[in-house]
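Per-entry structural report
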Amino acid sequence: MSESHAITGPARGDCLPTDRVGACVRLPLDAAPTQRWSDALTARLAAALTGHPAVGHLRLNHLVQADEIVLDGVEAAEADLLGPVLREAIAEANRTCGGDPSPAIEATGTIEQQEADRLARSVEAGVRRPMN
């Protein structure tokens, strides 16, 4: 079965509890993917981030939750670098699962909501940039 997914709306940042670092960034998908696609995305993202400066406190377990990509532990220094890596991981998951290779987008310690939203926008901007 061919499967392809894309981010379909604006990213949202959530504050994490005081014992956690960074923000939780949520990116809505066009639909809830299968476990196969979710696993492919997680594997591609983990491989791409190995040794990458955009790792920090990022947690990749439960990366896809229902119809959202959930990046838990995004820090300010990572947000700009994370978007392009995520964009490529989505494209690779789509290729792996037989879908469109170019997903379209429509449309630290404890941090404040405003900072969590800024981090979400920064990650989203990196996903939106055209691939070279």
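Up top is the structure these notes are about.
It should be emphasised that the depicted structure is a prediction, and the values quoted were computed from it without experimental measurement. (Residues numbered from 1 in each chain as written. Predicted model: local features only at pLDDT ≥ 70, side-chain atom pairs only at ≥ 80, totals over all residues. Heavy atoms only, no water.)

**Some points on the pattern of salt bridges**
Following the criterion strictly, the structure yields nine salt bridges and no others. As a salt-bridge pair, R12 and E68 come within 3.6 Å of each other at their nearest N and O atoms. Here R12, found in strand 1 (residues 12–15), pairs with E68, found in strand 4 (residues 68–74); they are 56 residues apart in sequence, far enough to count as distant. In this structure R12 comes out as partly exposed when scored by relative accessible area, which is 40%. Look at E68 and you get buried, because its relative accessible area is 16%. The partner of R26 in a salt bridge is E68, with the nearest N and O atoms 3.0 Å apart. With R26 in strand 2 (residues 23–28) and E68 in strand 4, the pair connects residues that are 42 residues apart, well separated along the chain. Through salt bridges with shared partners, a single network forms among R12, D14, R26 and E68. (Salt bridge = Lys/Arg side-chain N within 4 Å of Asp/Glu carboxyl O. Helix = DSSP H or I, 4+ residues; strand = E, 2+ residues; numbered from the N terminus. Buried < 20%, exposed > 50% of the residue type's maximum accessible area, 1.4 Å probe, protein only.)

**Brief notes about the sheet that holds strand 3 (residues 64–65)**
Strand order across the open sheet formed by four strands is 1-2-4-3, with antiparallel pairing between neighbours. Looking at strand neighbours, the two that pair on one side only are strand 1 and strand 3, the edges of this open sheet. Of the strand pairs in this sheet, strand 3 and strand 4 are connected by two bridges, and their pairing is antiparallel. Counted as the bridge partner of V64 is I69 from strand 4. Set on the sheet, helix 2 (residues 76–96) makes contact with strand 2 and strand 4; between it and strand 4 the angle comes to about 150°. Where helix 3 (residues 113–128) meets the sheet, it contacts strand 1, strand 2 and strand 4, and its direction lies at approximately 145° from that of strand 1. (Pairing = 2+ DSSP bridges. Contact = heavy atoms within 4.5 Å. Axes fitted to C-alpha atoms, helices over the stretch in contact; angles between N-to-C directions.)

**Observations regarding the nonpolar core**
Ranked by internal contacts, the top residues of the largest apolar core, which has 31 residues, are L41, L71 and L86. Of all the elements in the fold, those that place two or more residues in this core are strand 2, helix 1 (35–49), strand 4, helix 2 and helix 3. A total of seven residues in this core trace back to one element, the largest contributor, which is helix 2. (Core = buried A, V, L, I, M, F, W, Y, C linked by side-chain atoms within 4.5 Å.)

**Focus: the packing of helix 1 against helix 2**
Helix-helix packing is described using two parameters, namely the angle between the two axes and the distance between the axes. Axis separation between helix 1 and helix 2 bottoms out at 8 Å; the angle between their running directions is 140°. As the angle between them shows, helix 1 and helix 2 are arranged oblique. The element helix 1 and its partner helix 2 pack so that their crossing is right-handed. Contact residues: helix 1 offers R36, W37, A40, L41, R44, L45, A48 and L49, while helix 2 offers L82, V85, L86, A89, I90, E92, A93, N94 and T96. (Parallel < 35°, antiparallel > 145°, perpendicular 65-115°, else oblique. Left-handed = near helix turned anticlockwise from the far one by under 90°.)

**Remarks on the pairing of strand 2**
Burial runs high along strand 2: five of the six residues are buried. Of the strand pairs in this sheet, strand 1 and strand 2 are connected by four bridges, and their pairing is antiparallel. Within strand 2, the position partnered with G13 by the bridge is V25. Sheet topology places strand 2 next to strand 4; six bridges connect them, and they run antiparallel. Each bridged residue has a counterpart across the sheet, and for C24 the counterpart in strand 4 is D72.

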